[in-house]
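Here are the chains, one letter per residue:
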Amino acid sequence: MSVLKIGIIGLGYVGLPLARLFSTKYAVVGFDINSDRVGDLKKGIDATQEVEDHLLKEVLKDVSSNENGLFITADSAYLKECNYYIVTVPTSVDKNNQPVLKPLLSASKTIAKYLQKNDIVIYESTVYPGATEEDCIPVLEKESGFIFNQDFFVGYSPERISPGDKVRTVENILKVTSGSTVETAEKVDELYKSVIKAGTHLAPSIKVAEAAKIIENCQRDINIAFVNELSKIFSLMNISTSEVLEAASTKWNFLPFKPGLVGGHCIGVDPFYLAQKAQQFGYYPEVILSGRRLNDSMGNHIASEVVKLMIDKEVKVKGANVLILGITFKENCPDIRNTKVIDLYLALKSFGVQIDVYDSWAKKEEVKEEYDINLIDAIYNKKYDAIVLAVSHKEFKNIDILKLKNKKSVVYDIKNFLAIKDKSL
């Protein structure tokens, strides 16, 4: 193989940080089908805020070459210069919670057009065990005319990105790697090891690496479902869930999970991928799906709790002004994909209240397009009958709740985050 040149397909929350990192040591072509996104990135602007603008500008190249750096394009023809391909496109579910592999298969078709002998294709997108070999490789073979593990080779290294986390960035998170042959696995592992400071773990097979990724998020989903169920039980008993968790956390091996809305493109999606695959083998995964159902019910539950508190405080519900703080799927990031705050919003709407949503991290146009909600530009312009903290953005810590609430009102802090002692004022 001549000069090692990497093509990264998909420049979102996963692909861009990875492309930037690899480009510090290799020539990288970053490809994305979103021309607007490509246009911003070529100017050194990352709307996801995962890569700081100055770091992005440091590696950008105006032309594609074999020199270290990142060339960003919406023209797939530039991928023909590469000999390593890394797929970082999103994987989601449809309205029936069935896996949607279209972006993954489309990326495979694109790569196949430019595939050369001995090239290596690495998938990072989260999938069920077997998807790489059963769904993606047949596309590569059919479209390229090449034979798998003879003319080209494949690896799988599941993405490990924590959106909004400026400490656990991609280079600081240990990476799982794998390959379709022993030699390929070693090459893939060495490639990632050359840029990942935290090191790598070489899995014995692609399926093991796929399974490892998906159970990471299934485990979190189930643990959060457990504390969400506890919060429902303790609410009936008039016991503070946060105080119970604080007391229990004094034991050294107690896991510090907190109740809340569980959405996003990983924890809120991945369990369905594993469940669907398990059912193909005749097994119905009860714990995994029950945890997902419970977490999906939290928006309605919290809305009901807020309304009950309003009634207890003799706050008129119909026509009440309600403020929801935060709409992104997690704190300190602009990602609104599969946010469960929308469930809370719609449930509250059904009670006839008027709702304002404020989130300085989310993009107004994206929220409008995706959820038909107009974010307000600023708070403190009026007072509210109920305030719900849905996302613990760092800026919300300094909010003056007293300036926002009416004399008789409810403050419901889902994340136990606000700087107030009474969480249900």
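First, a word on what this report is: a plain description of the structure on this page. (Residues numbered from 1 in each chain as written. Predicted model: local features only at pLDDT ≥ 70, side-chain atom pairs only at ≥ 80, totals over all residues. Heavy atoms only, no water.)

**Comments concerning the nonpolar core**
Test applied: What we call a nonpolar core is a set of buried Ala, Val, Leu, Ile, Met, Phe, Trp, Tyr and Cys residues that are connected through their side-chain atoms within 4.5 Å. Under the scheme applied here, a residue whose accessible area is under 20% of the maximum for its type counts as buried, over 50% as exposed, and between as partly exposed, the area being computed with a 1.4 Å probe on protein chains only. Going along the chain from the N terminus, every DSSP run of H or I of four or more residues is numbered as a helix, and every run of E of two or more is numbered as a strand. Two residues qualify as a contact provided that any one of their heavy atoms is within 4.5 Å of a heavy atom in the partner residue.
Formed by 37 residues in total, the largest nonpolar core has its most connected members in Y85, V121 and Y123. Where this core is concerned, the elements lending two or more residues are β2 (27–31), β4 (84–87), α4 (102–114), β7 (120–123), α5 (131–144), β8 (153–156), α7 (206–236) and α9 (270–280). For this core, the leading source of residues is α4, giving five residues. Excluding anything up to four places from it in sequence, V121 contacts Y85, V87, I111, L115, L140, F153, V154 and G155. Counting residues in hydrophobic clusters, the runner-up holds 35 residues, among them V307, M310, L344 and I373.

**Examining the side chain of D385**
As a reminder, the rule being used: We count Lys and Arg on the positive side and Asp and Glu on the negative side, and we leave His and both chain ends out. The term salt bridge refers to a pairing of a side-chain nitrogen on Lys or Arg with a carboxyl oxygen on Asp or Glu at a separation within 4 Å. Any pair of nitrogen or oxygen atoms within 3.5 Å is treated as a polar contact; in protein, a donor-acceptor pairing is required on top of that, and neighbouring residues in sequence qualify only through side-chain atoms on both sides.
Its place among the elements puts D385 in strand β13 (residues 384–389). This buried residue, D385, is left without a salt bridge; K382 holds the nearest opposite charge, at 8.7 Å. A distance of 2.9 Å separates a polar atom in the side chain of D385 from a polar atom in the side chain of N406. With residues near it in sequence (within four places) discarded, D385 still touches M310, V315, A320, N321, N406, K408, S409 and V410.

**A few points about the sheet that holds strand β11 (residues 321–325)**
Going by this rule: Only when DSSP finds a minimum of two bridges between them are two strands counted as paired. Each axis is a line fitted through C-alpha atoms, taken for helices only over the stretch in contact, and angles between the N-to-C directions span 0 to 180 degrees.
The strand order across the open sheet formed by four strands is β12-β11-β13-β14, and the pairing between neighbours is parallel. Single-partner strands in this sheet number two, and they are β12 (354–358) and β14 (405–413). With strand direction ignored, the average angle separating the axes of adjacent strands in the sheet is 20°. Of the strand pairs in this sheet, β11 and β12 are connected by five bridges, and their pairing is parallel. For I324, the partnering residue across the bridge sits in β12 and is V357. Contacts from helix α11 (residues 298–312) reach β13 and β14, with the element oriented near 150° to β14. Set on the sheet, helix α12 (residues 341–349) makes contact with β11, β12 and β13; between it and β11 the angle comes to about 175°.

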